[in-house]
Amino acid sequence: MTTAIDLRMLEEGHELTPAVQFTTTAQLVRYAGAANDYSGIHYDLGYAHERGFPDVIVHGFLKASFLAELACDWAGPGSWLRRFATRYQGIDVVGAPIVCRGRVTGIRIDERQVSLELWTENAQGARTTTATGQLQLGEEDLT
Amino acid sequence: MSRATDQSASAAAVALADICPDPLVFALESGLPRLRLLDRVIDGGSDWELIAASIPSSLTAVSRISEIVGRTSSAGRRLIRTCYETEFRSTRGVLVGRARGFSLDVEGAE
Amino acid sequence: MMPDIKTVDVGFRFPDHGPIAVQLEDMVRWAAASGDYTAFHFDQDEAEARGFPAPVVHGPWKAAVLRSLVESWLGAVNIPEFSVRYLAPDFVGDAMVFGGEVAAIEASRHGRRIVRCDLWATRSDGVKTVTATCVATTDDGAEAATDLPLQRVMDSVRLGEPAGTFVYRIDGNDVDRFVDAIGGQRRTGPEADIAPATFYAALDPVERRDLDLDGFVQNLPFPKIGGGNAFNEVEYQRPLRKGDVITVTTRYTEVYEKEGSTGTLLFRVRENELRDADGELVATTRCGHVLAFDMAIARGVTS
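Residues numbered from 1 in each chain as written. Chains lettered and ligands numbered in written order. Predicted model: local features only at pLDDT ≥ 70, side-chain atom pairs only at ≥ 80, totals over all residues.

Taken together, the five bridges between strand β2 (residues 80-88) of chain A and strand β7 (residues 224-236) of chain C define a ladder with antiparallel strand orientation. When the bridges of β7 of chain C are listed, R83 of chain A appears paired with E235 of chain C. Inspection of the sheet shows β7 of chain C paired to strand β10 (residues 281-293) of chain C by eleven bridges, in the antiparallel sense. Across the sheet, the residue bridging to E235 of chain C is T284 of chain C, located in β10 of chain C. (Pairing = 2+ DSSP bridges. Helix = DSSP H or I, 4+ residues; strand = E, 2+ residues; numbered from the N terminus.)

Bringing the nonpolar core into the picture now. By size, the foremost hydrophobic cluster in this structure holds 57 residues, and its most contacted members are L16 of chain B together with L66, V70, L74, A132, C134 and A136 of chain C. The greatest single-element share of this core, amounting to nine residues, is contributed by helix α3 (residues 59-74) of chain C. One finds V58, L70 and V114 of chain A together with Y236 of chain C within the second-largest nonpolar core, a separate group that totals 52 residues. (Core = buried A, V, L, I, M, F, W, Y, C linked by C-beta atoms within 7 Å. Buried ≥ 20, exposed ≤ 12 C-beta atoms within 10 Å, placed from the backbone.)

Time to look at the sheet that holds β10 of chain C. What links the strands of a sheet is backbone hydrogen bonding, and the strands pair in either a parallel or an antiparallel sense. One open sheet accounts for ten strands, arranged β1(A)-β3(A)-β4(A)-β5(A)-β2(A)-β7(C)-β10(C)-β9(C)-β8(C)-β6(C); its pairing is antiparallel. Each edge of the open sheet is held by one strand with a lone partner, namely β1 (19-22) of chain A together with β6 (162-169) of chain C. Taken pair by pair, the neighbouring strands of this sheet meet at an average axis angle of 20°, ignoring direction. Of the strands in this sheet, β1, β2, β3 (97-108), β4 (113-121) and β5 (127-136) of chain A together with β7 of chain C touch helix α3 (residues 60-75) of chain A, which is tilted by about 40° from β5 of chain A. (Axes fitted to C-alpha atoms, helices over the stretch in contact; angles between N-to-C directions. Contact = placed C-beta atoms within 7 Å.)

On to the confidence of the model for chain B, then. With 82% of its residues at a pLDDT of at least 70, chain B reaches an overall mean of 82. When pLDDT is averaged over each helix and strand of chain B, the minimum, 47, is found for strand β1 (residues 2-6) of chain B and the maximum, 94, for helix α2 (residues 23-29) of chain B. (pLDDT = per-residue confidence, 0-100.)

This next bit is on the interface of chain C and chain B. Contacts between chain C and chain B engage 27 residues on the former and 23 residues on the latter. When residues of the side of chain C that touches chain B are traced back to their parent elements, those giving at least two are α1 (24-34), α3, β2 (77-86) and α4 (150-156) of chain C. Pairing between strand β2 (residues 40-50) of chain B and β2 of chain C: five bridges, direction antiparallel. Bridge pairing links D47 of chain B to S83 of chain C in β2 of chain C.

All names here are of chain C. Per-residue confidence for chain C averages 88 on the pLDDT scale, and 92% of its residues sit at or above 70. Within chain C, the element-level pLDDT minimum falls on helix α7 (residues 295-302), averaging 48, and the maximum on β6, averaging 94. Contacts from residues 141-145, a stretch scored under 50 in pLDDT, to residues over four places away or in other chains number twelve contacts. For this predicted complex, the interface score ipTM comes out at 0.89, alongside a pTM of 0.55.

Attention now goes to helix α5 (residues 172-181) of chain C. All buried positions along α5 of chain C are accounted for by V175, F178 and A181 of chain C. Viewed end-on, α5 of chain C has its buried residues packed into an arc of 125°, placing them on one side of the element. Considering only its buried residues, α5 of chain C is in contact with α1 (25-35) of chain A. G183 of chain C sits one or two positions beyond α5 of chain C and adopts a positive phi of about 70°. (Arc of directions from axis to C-beta.)

Contact with chain A, which involves 30 residues of that partner, is made by 28 residues of chain C. Among the secondary structure elements, those contributing two or more residues to the side of chain A that touches chain C are α1, α3 and β2 of chain A. Considering every element that reaches the side of chain A that touches chain C, the biggest residue donor is α3 of chain A, with ten residues. Residue composition of the side of chain A that touches chain C, grouped by class: 16 nonpolar, seven polar and seven charged. (Nonpolar A, V, L, I, M, F, W, Y, C, P; charged D, E, K, R; others polar.)

So, on to α3 of chain C. Residue and element names in this part refer to chain C. Taking 1.5 Å of rise per residue, 16 residues should cover 22 Å, and α3 covers 23 Å from first to last C-alpha, within 8% of that figure. Of all 16 residues making up α3, 13 are buried, and the element is well covered by its neighbours. Of the residues flanking the end of α3, it is G75, one or two places downstream, whose phi is positive at about 85°. (Expected span 1.5 Å × (residues − 1).)

Turning next to the environment of T133 of chain C. All names here are of chain C. The topology assignment puts T133 in strand β5 (residues 128-138). Owing to 17 C-beta atoms within 10 Å, T133 belongs among the partly exposed residues under this scheme. Linking T133 and L119, residues 14 residues apart in sequence, is a C-alpha distance of 6.0 Å.

Set out below in structure tokens:
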């Protein structure tokens with residue numbers, strides 16, 4: 001398996017190309033089904049209003065998934081996350097843009113591992129989810 | 001001496017005294033000796049002290065003789081008080097409560 | 001009307017219980033309940049051989065009578081401390097009288113009422129045979145409680161013990177559905193069977209409601225003002241794959257509270273161990289859940 005990253009050229013502080021996610025209620029329902037997470041706060045508008053939110057809110061795990069996918073997409077085929085830890089700092093309501101960002105914090109050439117910090121930002125620039133990950137890259141392309 | 005108890009009643013309804021109605025007998029059942037030091041031995045009292053906010057469903061009880069104190073009564077008779085103490089802990093080792101039974105050795109016949 | 005633990009005053013004298021004649025059956029039943037089969041408590045000859053006119057009443061039986069009287073006098077209460085001294089013997093057939101009074105009343109840190117009682121028993125010749133002191137408090141579950149009952153929360157999630165084990169088969173369609181839901185790209189080629197890093201969420205027995213130990217905290221008598229996942233962590237030994245049959249064991253490892261800007265935060269942290277069909281460890285996960293309570297409102301209501 002080959003990988004898109006050339007570790008020898010990579011530097012700490014390297015920023016991943018950001019991705020923006022616009023969620024929809026349909027996506028939240030889809031995620032609820034896929035993850036078996038049926039908490040009403042993610043699809044029941046009346047309940048979300050009762051809890052004092054202006055709209056249904058995005059699953060924390062879905063935001064975590066956006067960040068994990070950002071990392072793996074960047075690292076290319078064959079990569080997988082050995083460790084991934086997410087902290088939920090604030091909520092995002094459905095439909096609001098979620099900017100997903102990441103930065104390289106460590107490189108272990110021999111193990112072919114890259115450490116990352118990742119986060120989501122809302123439209124105001126506030127971090128609503130922060131994460132750290134340790135990527136295992138695929139085998140080096142020797143061709 | 002230690003032993004495990006398992007009580008299935010709901011935690012809210014259970015008091016330490018329900019698990020350990022007689023602290024002296026409870027400690028003796030775990031294998032501790034009943035000391036007989038003077039002419040007569042009587043049951044001197046019992047204490048129950050609940051430390052945790054509630055009683056978990058599984059407890060480990062550890063009994064020991066925690067104190068032996070001698071004194072002389074106003075009538076000039078010797079008294080020895082032996083404290084049999086049992087500590088109840090959760091499976092994680094958190095102290096849940098304590099029960100004490102007091103055995104009194106008394107000098108002179110009734 | 002009888003006052004209860006919330007209304008009783010210092011010096012209140014409880015109505016006497018008795019005189020009651022202690023029955024031999026009471027002693028036999030107590031022997032069975034307590035394990036104290038010392039014969040002079042139920043055998044007339046043994047009692048006489050020891051110089052007593054009749055079988056001797058078990059001391060802890062007298063303590064148990066007093067304890068149940070406190071409960072009936074004061075209503076539903078906790079009795080965290082009970083201390084009794086046996087001063088003289090009582091005999092089967094003799095008429096005993098049990099009594100008590102309120103010695104002191106204190107307020108706990110958060111306003112729970114603590115009632116100290118002096119208790120006693122007398123026999124028919126007037127000799128005081130038992131004295132006892134006890135501490136009774138309003139029940140933790142009652143509305144007067146203004147602390148989060150952390151110990152009971154710990155018990156409700158069986159802190160430290162395996163709380164449940166579940167087996168999940170990872171169907172290929174489940175993984176594809178998950179990838180689609182998170183807007184990811186399905187993997188292709190030799191790694192097509194690898195599940196996304198966050199797929200462990202779909203194997204969490206608590207998120208799935210396969211394991212539900214929430215009843216106790218959901219019914220706590222404090223206004224809940226928020227809550228949700230606080231953090232999630234995973235460490236993989238290898239990726240999860242389509243076709244895996246994963247055995248998940250959940251254990252709650254931490255229960256703690258923190259003061260937050262919005263209220264009192266109750267954290268419950270659980271760990272899952274994911275093993276494959278060969279028993280090999282695939283991943284361990286840690287999930288922190290938080291509930292925010294407005295204890296100020298709770299205190300205001302009861303003060």
